[in-house]
Amino acid sequence: DVPEDGFTVTFRFLAPASLPAGTSFGLFSIVDGILGSNDSTANIMLEDGNITAELNGTSIESSGLNLVDGQWHHVGYVFGTDEDGQRLYIDGVLRGSEDTQKRSDLISQTGIAIGFARSAANPHFRGILDDVRIWEDDLTAGMVAADVSSVRTDDLIGRWSFDEGDSDYAYDTSPGNHSGWLG
């Protein structure tokens, strides 16, 4: 259960340089209903080489980047009253923010989707995602930057490192133990 008043999502991704330019791909969603329906409340997408995050219809995005470069990148999305709205970090650097969204509408969420965002033109990501983490707190800029190279376990409610090999199951190594099926 992702809190309504503050949370953080971080992950690493690699987008092959061969992805078509000018398109969008889903990276992460907090789902409020059936996966693939119009009920995704929070989405993170790769759009035309940049990251867009949306919560309850309010979007923030990075600009001027080319993250479709065959290199690993770290994304940190922070929402909460302590950090005054939404913040988007790419490789530890603040790349987008807005301060009007003070509360989410995550009341009846049914799950998360890794590698998927309904509102993307291509909902399924065509690259590699790794080390997805969710905290029940809105992390500070310093905490997000530190997450690039270490694991902060305070308030961690989900962590999927995808170290299972050829398994169709992703183990959550956080205290929350929210393991799930891939596919």
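These numbers were taken from a predicted model, which means no experiment stands behind them.

### What about the overall build of the protein chain?
And then number 1: Across its full length, the protein chain carries one helix and 13 strands.
And then number 2: Reading the secondary structure of the protein chain in the N-to-C direction produces β-β-β-β-β-β-β-β-β-β-α-β-β-β.
And then number 3: Burial analysis of the protein chain (183 residues in total) assigns 47% to the buried set.
And then number 4: Contacts spanning at least 24 positions in sequence make up 60% of the contacts within the protein chain whose residues lie at least 6 apart.
And then number 5: If you sum the accessible surface of the protein chain, you get close to 8,400 Å²; carbon and sulfur atoms cover 46% of it.

### A closer look at the side chain of N50
And then number 1: When you line up the elements, N50 lands in strand β4 (residues 50-55).
And then number 2: With residues near it in sequence (within four places) discarded, N50 still touches M45, S62, S63, G64, L65 and L67.

### What to know about the nonpolar core
And then number 1: Core analysis: the largest hydrophobic core is formed by 32 residues, its most contacted members being F11, F13, I44, L46, I51 and F125.
And then number 2: Of all elements in the fold, only β1 (6-14), β2 (24-31), β3 (40-47), β4, β6 (72-80), β7 (85-90), β10 (128-135) and β11 (156-160) reach the threshold of two or more residues within this core.
And then number 3: Here I44 is in contact with V9, F11, G26, L27, F28, I51, T52, A53, Y77 and A117, once residues within four sequence places are set aside.
And then number 4: Judged by nonpolar contacts, the second largest core, of six residues, contains Y89, L139, V144 and L156.

### Examining unusual backbone geometry
And then number 1: The phi dihedral of D91 is positive, around 55°, even though this residue is not glycine.
And then number 2: Locating D91 in the fold gives a position in the loop between β7 and β8 (93-98).
And then number 3: Positive phi is not limited to glycine here, since F162 has a value of about 55°.
And then number 4: Inspection of the secondary structure puts F162 in the loop between β11 and β12 (169-170).
And then number 5: On the basis of relative accessibility, which here comes to 25%, the residue F162 falls in the partly exposed class.

### As for the sheet that holds β1
And then number 1: Strand order in the open sheet formed by six strands is β8-β7-β6-β1-β10-β11, with antiparallel pairing between adjacent strands. Among the strands making up the open sheet, the edge pair consists of β8 and β11. Averaged over all pairs of adjacent strands, the angle between strand axes in this sheet comes to 15°, irrespective of strand direction.
And then number 2: Of the pairings in the sheet, the one linking β1 to β6 comprises nine bridges and is antiparallel in character. Looking at β6, one finds that T10 is bridged to G76.

Rules and cut-offs
Numbers given for residues are sequential positions, taken from 1 along each chain in its written order. Restriction of local features to residues with pLDDT of at least 70 applies here, the model being predicted, together with a cutoff of 80 or more for giving and counting side-chain atom pairs; totals for whole chains, interfaces and linings are based on all residues. Calculated side-chain values reflect all of the structure's heavy atoms, with hydrogen atoms and water omitted. What counts as a helix is a DSSP run of H or I of at least four residues, what counts as a strand is a run of E of at least two, and both are numbered from the N terminus. Relative accessibility thresholds used throughout: buried, under 20% of the residue-type maximum; exposed, over 50%; partly exposed, between the two (1.4 Å probe, protein chains only). Contacts are assigned to residue pairs with any non-hydrogen atoms lying within 4.5 Å of each other. Computed with the Shrake-Rupley method and a 1.4 Å probe, the accessible areas treat only the protein chains shown as cover for residues. Throughout, nonpolar core names a set of buried Ala, Val, Leu, Ile, Met, Phe, Trp, Tyr and Cys residues whose side chains join them through atoms within 4.5 Å. Strands were regarded as paired on the criterion that DSSP finds at least two bridges between them. Fitted lines through C-alpha atoms give the axes, limited to the stretch in contact for helices. The angle between two N-to-C directions lies from 0 to 180 degrees.

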